[in-house]
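Observations on the model geometry
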Amino acid sequence: MEESAYVSRRWEDLDTDILVKIFQSFDIFQLTSGIAHVCSSWRMACCDPLLWKTLDLSVIRSNFIKIPLEPYVYVDARSDKTLTRLLKISLSLSRGNLKTLIFHFNLYVSDDQLTYTAERCPHLRRLVMPAWNRIKKTGICKAIRIWRDLESLTMPSIANPPYLMEEIANNCKNFSELKVMGPFDNFFADTIRMYLPKIRVLSLRCSMIVKDALISILDDLQNLEVLNISHCLLIEIPPPPAPRRIMRELDQSIIEKASRLREFVTCMKDSCIMCQRTRNDEGIMRWYKYEEGLWKADEVSSLAL
């Protein structure tokens, strides 16, 4: 009886679609570990756009200490080097195909790293970057000018929002979603009303909100369809010398103004754990105290991670 011929196949002969399917199960560390250097077919698979719709760096944190002066954090050089390496490899493999970029709330990106990233993913549509301590006005404005397709932004509360909102208004014509992780006062509300009057989705969950700021966006953002104020600390500030007051429930005027929205998401229950946490943290969430990944949650599906 003749022995059947045995045909061996090399790894590089594996079908590209199969390789891509396998690589889709890899995390960012595995994808950037050097598998693209195995052979040309593996590199081709590693660069497939299906692998690079999203660059999720929420699994990476900076090794940092807090300091009393700006930028209020000092990041260890080795930590910076690790992030730079990941960015360089990822952005090389992605070949400009990234649409979503996610940073951890304790990942402190520098201006140079942000500029490098923006220049290599110019078609970005969604940016999640909760920590801006090391990013200067020039750095974020330069990135926004590159990201003309940007539609959605998750950001921290900042002291001087007009420069950013004006940059978005001038460059990102399809911008429609904003999530602010931090206090939301009259100044921030006025800035959004002035520069982003056509915004459709706004999330302020787990933040301190000034009542007048909430009323102003309900009155003036006529294109607003979805507003999330779940687990917020709603503050009423009467004329001095009266002290500010924490509102335990929404008054009827706010409910009536919000009735025109397609979706108005609220939760102010004393029994709600997230509401309790926001109150305990005085409207500025200390996410590091809680379950890993909790900061990614949002009742608005398009903003959840």
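See the structure printed just above.
A brief structural summary. (Residues numbered from 1 in each chain as written. Predicted model: local features only at pLDDT ≥ 70, side-chain atom pairs only at ≥ 80, totals over all residues. Heavy atoms only, no water.)

1. Considering empty space enclosed by the protein
Overall, the coordinates contain three cavities of 30 Å³ or more when judged by the stated rule. Lining the largest cavity, in full, are Cys232, Leu233, Leu234, Ile246, Met247, Arg248, Met268 and Arg279. Tallied by class, the residues present in the lining of the largest cavity amount to six nonpolar, no polar and two charged. What lines the second largest cavity is Arg126, Val128, Thr154, Lys179, Met181, Trp295, Lys296, Leu303 and Leu305. Every element with two or more residues in the lining of the second largest cavity is listed here: strand 5 (126-128) and strand 7 (177-181). Each residue belonging to the lining of the second largest cavity can be placed in one class, and the counts come to five nonpolar, one polar and three charged. (1 Å grid on protein atoms, 1.4 Å probe; cavity = no way out; pocket = protein on both sides within 12 Å on 5 of 7 lines; lining within 4 Å. Points joined across faces, edges and corners; volume = space filled by probe spheres on them. Nonpolar A, V, L, I, M, F, W, Y, C, P; charged D, E, K, R; others polar. Helix = DSSP H or I, 4+ residues; strand = E, 2+ residues; numbered from the N terminus.)

2. Some words on the layout of surface pockets
Its boundaries defined by the atoms lining it, the largest pocket holds a volume of some 1200 Å³. Pro130, Ala131, Trp132, Asn133 and Pro156 are the residues nearest the centre of the largest pocket, which is lined by 36 residues in total. Among the elements of the structure, strand 2 (64-66) and strand 7 are those that each provide at least two residues to the lining of the largest pocket. Here the lining of the largest pocket is composed, by residue class, of 22 nonpolar, six polar and eight charged. Taken as a whole, the second largest pocket encloses approximately 240 Å³ of empty space. For the second largest pocket, the lining is made up of 15 residues, of which Phe26, Ile28, Leu31, Leu51 and Thr54 are closest to its centre.

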